[in-house]
Amino acid sequence: MLKQLHTQLLNYALVCLLFSINVPLKAQQPAFFIMGEEQFKGVQVYDIIQDHHHNYWFGTNEGLFYYDFNAYYKVECDAAKGNSVFNFVINKEGTVYCHNLNNQVFELKNGQCKLFYELKKDESRPDVSLEIADNDCLVIGAASIIVLNKKGVVINKQVLFRHFLGPSFITPRKAVQFHLNSTDSIIVYANSVFTKHKLNISGKPKGDFAFKFFSDGTSTFAMKLDSKDLFSYNTKNLVVKPLPGNSFFSRLPFIRIYETKNKLWVASTLPGVRLVNQNINQSEVPVWYENYFISGVFQDHEGNILLATFDKGILVIPDLKIPDVINDFREDPATAVYGDKDLGLVMGTSKGVLTSYRNSAFNQINGEGSRPIEVIYGEVFSDLLIFDDGCIRAYNKRTRTISNIVTASLKDAAIVSNNLFYLGTNRGILKVLRDGKNNFSLAPLKDMRMRIYSMEFDPVSGNLYASTSSGFFCIDSVGKCAKITHKQKDIFPFFLYCNQGKIYVGTPNNGILVIENDKITGSILPKVDGKPISLRKIVIYKNSIIAKSANKIFQFDMNGNRLKSIHALFGFSSKRVIDFAFFENKLWVSHTGGVQEIDLNYLKLTSKPQNLRFNRILVNDKVLNDFREGDFTYDQRKFEFVFSSPTIKNRENIQYYYKLSGYDTKWNLASFESNKILYNALAPGSYTLKLKGESHGLFTNELSYAFTIASPFYAKWWFIALVVVLFLLVVWLVYRWQLNRQRKKSAQINELNASKLTAIQSQMNPHFIFNSLNSIQDLILKGDVEHSYSYITTFSNLVRKTLNYSDKDFNDFEEEIKLLELYLSLEKLRFKKDLVYKIEKNNVEDIMLPPLLIQPFIENALVHGLLHKEGEKKLHIKFELHDVLVCTIEDNGVGREKARAIKDRQKNEHESFSSAAIHKRFEILNNVLEGQFGFAYEDLVDKNGPSGTRVTLKIPVRRKF
């Protein structure tokens, strides 16, 4: 009896709560962000559901949309007769069903939609209900109740006569029930059969009515659809009892009730939504999100509450316990925030208004200024707040008065004591002293007359640090300035922050520099997604760094490793962060959506990230049907992996690590948005892609996909071996052919050259013999028998040696010298004492040279130069060995011009060896031996005219050793 009474009281309390919503109550709603804002602009979203892969389906007035955490897709169905779809349900296998206004039921599976069943004319009705029964079959409630199996075949049907069905309802025992309108009966489908039961209704309802049943997770209720009367409903004994107080529902033309895991949400034709919760004060149920028409409520697998809207996308509530902004400041955004122990949270606005917030109450400190308040400064020990609203002012918290200090643009302030502080302005640094009457005296620092960006005072050293347009400076207590550089370069910090005797200096490119005792002692390089990030403001909180970038806010450890991105969970991921401050151990953030309180100790920030999965794998831009490991042909070299972690709550904190074994040597890092990995031209081989996600130091599962790219036939070992063998064979054959051809050609050339040399040498021998016989004849005619005999003896020796050397290609240098000496001794007999010759060998030895190459030049010197000279006839022969043998033959004869004239007069009576033959022999030697060989004549003159001739020969040689 007591238990029954307790249940009735509980139900009564809930109803009182529901009906207490007679006016829209404004209260701080949960933080939220908008999902699909661009995708669903101008689209009416009716329903939301997630399949077993956690992908979202959206039913809209423009058809079905699908979101796989990578992109939104419009899902078409050619058989659909209308665009608007409603009433998502999902079976145990993850198949989703819905219907349109044209009595068509659709099956949604693997991102595709197909017509599942179309109601016949006698089965159709404007209001259609869908439910999944305990046997995993689809139950359709319309003019009849139809049960379909997973193939879309009707396996059971309940035909109704003269009755309409109320909305379907799933009981705690998973039975599907419908109320027969205007009766006390319900139709129940359970255990694959239909049964009819009577309701025990207290106070017989009047008129044509139908019940809508719903539950808050602990109790079940029934509501008359026509009058909005509310009843308690016992699903075991089918007792329906009226509950008093329905003034709120009776006034509303239409009510929609949504159930999400022990919570009830109420929406109507008015904008906004109400959360009905027994823990809320019964006299107040606030209206949330009054700027949005809520058309559906759904709780996803992460616990996010998704509110469907018309035209504004999907509102996502990550956590009901996280409050939204205290004020959106839509007309006058908060441009600066400061936490003060006396005033609370102090905010400066774009219109120059200074406001404090404490105990849920706002208090305006000053009127509007002439410019936005961008900076607010104070210290725990000081009773002053310094701000700039067009004039730099000081607010005295004790006397609650505002004093004007100076008209300038305030960039930063450093408060040293209650009566001493520094102002950093666009014109330099001002030292400000306050007397006991709250009067201020200003003195500019003479060496700091430049634009100031940021300042910080170090109470340990007593130094003032300033970031300026000319660099970074340290100013000591007497005003002496010293520039601080980093790696011998000027630095221009974004911010300065002092904590426990350390100055933290935020630079554009070098991270955060740490200064102790006026020296840079270390640095911190904050990174987001593995990339360095430039910060604009930091605060050290519980041995961590709370930092603001250009648009967002993060928490890092003291080594610069990211701990948290403080955006999505608190609902301002798409909003630009303006400023932040700490007050009462809470972080307060001013962003473009308003000013919001954030509890950094909230444990759900460190929840384990969702497991990764592959969305698609594309090979040569074609999607694989499955993700099984496979073998691919040599021309399938382009691989693209699209993956995701099914989370919208934690998306800004997750980052991906991936490595393709067989290609990458180290792990690569990517952000949540960079969820595509592309390899354009992989070489044949075996590969394994490894992929894992990380958030707040926690890792997801590791995905892997192994595949092999086959080598082309031309890369097979047997083909390569065959090509190598064929190539070597061809090279060998070509080489043999060229070698034989070259040998034949060389043999022909050598044979030709040899014949030419032999011919030339054969010309030399008779020519020399003829000249020698002429000399002998001359001696005999003169009667010089003795000299004739010596000449003949010497001549016979010379002829013998000449014959021996004439068929040789090279002769010893020593033998050639002996031949020349023999020849000259023979000629000396002819010239008698007038001929004086000298041969200088200059230690030339152990070489070989072509035979009979020098003798013709000596003969020409004797016959053409010395023969016609009167008096002493000198001949000088000198040898020098360089790369070639250089032979110089110099005579003191009549010279070449006079010799040529004598020759013309004698009409060639003396047959000298042809210079053309000498030229030809040297030309052949050049071709055969590949060198620069030859000879050159030089006429010698003195004051009396021609004094002789010098010929220089360059002769090829061979080393004997």
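Residues numbered from 1 in each chain as written. Predicted model: local features only at pLDDT ≥ 70, side-chain atom pairs only at ≥ 80, totals over all residues. Heavy atoms only, no water.

Draft legend 1. A look at the overall build of the protein. For the protein, the count of helices and strands is eight helices and 75 strands. Classification of the 961 residues of the protein by burial places 51% in the buried group. Sequence separation of 24 or more characterises 52% of the internal contacts of the protein that already satisfy a separation of 6 or more. Total accessible area on the protein stands at roughly 47,300 Å², and carbon and sulfur atoms take up 50% of it. (Helix = DSSP H or I, 4+ residues; strand = E, 2+ residues; numbered from the N terminus. Buried < 20%, exposed > 50% of the residue type's maximum accessible area, 1.4 Å probe, protein only. Contact = heavy atoms within 4.5 Å. Areas by Shrake-Rupley, 256 points an atom, 1.4 Å probe, with all protein chains shown as cover.)

Draft legend 2. Local environment of the pattern of salt bridges. One pass over the full model with this rule turns up 32 salt bridges. In this structure, the salt-bridge partner of Arg628 is Asp626, at a minimum N-O distance of 3.1 Å. On the accessibility criterion, Asp626 (32% relative accessible area) is partly exposed. Connected through shared salt-bridge partners, Asp340, Lys341, Asp342 and Lys397 make up one network. (Salt bridge = Lys/Arg side-chain N within 4 Å of Asp/Glu carboxyl O.)

Draft legend 3. Quick peek at the nonpolar core. Counting residues in each nonpolar core, the largest one holds 44 residues, and the members touching the most others are Ile854, Ile858, Leu862, Leu875, Phe879, Ile889 and Leu953. Of all the secondary-structure elements, those providing two or more residues to this core are helix H4 (785-805), helix H5 (813-831), strand E70 (847-849), helix H6 (855-866), strand E71 (873-881), strand E72 (885-891), helix H8 (915-929) and strand E74 (945-955). Examining the composition of this core, we find that 10 residues originate from one element, H5, more than from any other. (Core = buried A, V, L, I, M, F, W, Y, C linked by side-chain atoms within 4.5 Å.)

Draft legend 4. Region of interest: the packing of H5 against H6. Where H5 contacts H6, the axes come no closer than 11 Å and their chain directions differ by 15°. Between H5 and H6, the crossing angle belongs to the class labelled roughly parallel. Between H5 and H6 lies a crossing whose hand is right-handed. Counted together, Leu820, Tyr823, Leu824, Glu827, Arg830 and Phe831 of H5 and Gln855, Ile858, Glu859, Leu862, Val863 and Leu866 of H6 form the full contact between these two elements. (Axes fitted to C-alpha atoms, helices over the stretch in contact; angles between N-to-C directions. Parallel < 35°, antiparallel > 145°, perpendicular 65-115°, else oblique. Left-handed = near helix turned anticlockwise from the far one by under 90°.)

Draft legend 5. Structural detail: the sheet that holds strand E65 (residues 676-679). Spatial strand order, E60-E59-E62-E65: four strands in an open sheet with antiparallel pairing. Two strands in the sheet have a free side with no partner beyond their single neighbour: strand E60 (622-623) and E65. With two bridges joining them, strand E59 (residues 613-619) and E60 adopt antiparallel strand pairing. Across the sheet, residue Leu618 finds its bridge partner in E60, namely Val623. (Pairing = 2+ DSSP bridges.)

Draft legend 6. Local environment of the environment of Val276. Within the secondary structure layout, Val276 lies in strand E25 (residues 274-276). Judged by relative accessible area, Val276 falls into the buried class, the value being 4%. Separated by 11 residues in sequence, Val276 and Trp265 have C-alpha atoms that sit 5.9 Å apart.

Draft legend 7. Main features of a nonpolar patch on the surface. A grouping of Leu722, Leu726, Leu729, Trp732, Leu733 and Tyr735 is seen on the molecular surface, where their side chains present a nonpolar patch of about 630 Å² in accessible area. Among the residues examined, Leu733 registers a relative accessible area of 45% and is labelled partly exposed. (Patch = residues over 30% accessible without salt bridge, like charges linked within 9 Å, V, L, I, M, F, W, Y side chains within 5 Å.)

Draft legend 8. Structural view of H5. Relative to the 27 Å expected for 19 residues at 1.5 Å per residue, H5 spans 26 Å between its end C-alpha atoms, a close match to the ideal helical length. Looking only at H5, the buried set comprises Phe813, Glu816, Ile817, Leu819, Leu820, Leu822, Tyr823, Leu824, Leu826, Glu827, Leu829 and Phe831. (Expected span 1.5 Å × (residues − 1).)

Draft legend 9. Just the environment of Lys212, in detail. Here Lys212 is to be found in strand E19 (residues 211-215). Separated by 43 residues in sequence, Lys212 and Phe169 have C-alpha atoms that sit 7.8 Å apart. Other than its neighbours up to four places away in sequence, Lys212 contacts Pro167, Phe221, Ala222, Met223, Leu225 and Ile257.

Draft legend 10. The pairing of strand E20 (residues 220-224), seen in detail. Burial analysis of E20 places five of its five residues in the buried class, the great majority of the element. Neither face of E20 is open: one carries Thr220, Ala222 and Lys224, the other Phe221 and Met223, and all of them are buried. Bridging between E19 and E20 involves five bridges; their strand directions are antiparallel. Along E20, the bridge assignment pairs Phe214 with Phe221. In textbook terms, the turn of a hairpin is the stretch between consecutive antiparallel strands, and for E19 and E20 this stretch comprises four residues, one of which, Gly217, has a positive phi near 100°. Connecting the antiparallel pair E20 and strand E21 (residues 230-234) is a turn made up of five residues, with Lys228 showing a positive phi of about 65°.

Draft legend 11. Region of interest: the packing of aromatic side chains. A full pass over the atoms with the stated rule returns 55 aromatic pairs. Centre to centre, the rings of Phe632 and Phe639 are 5.1 Å apart; their planes meet at 85°, and the pair counts as edge-to-face. We note that Phe632, like Phe639, is buried. Taken together, the ring pairs connect Phe614, Phe627, Phe632, Phe639, Phe641, Tyr687, Tyr705 and Phe707 into an aromatic cluster. The ring of Trp667 is capped by Lys692, whose NZ or CZ atom sits 4.7 Å from the centre of that ring. (Phe/Tyr/Trp six-rings, centres within 6.5 Å; stacked < 30°, edge-to-face > 60°. Lys NZ or Arg CZ within 6 Å of the ring centre and 35° of its normal.)

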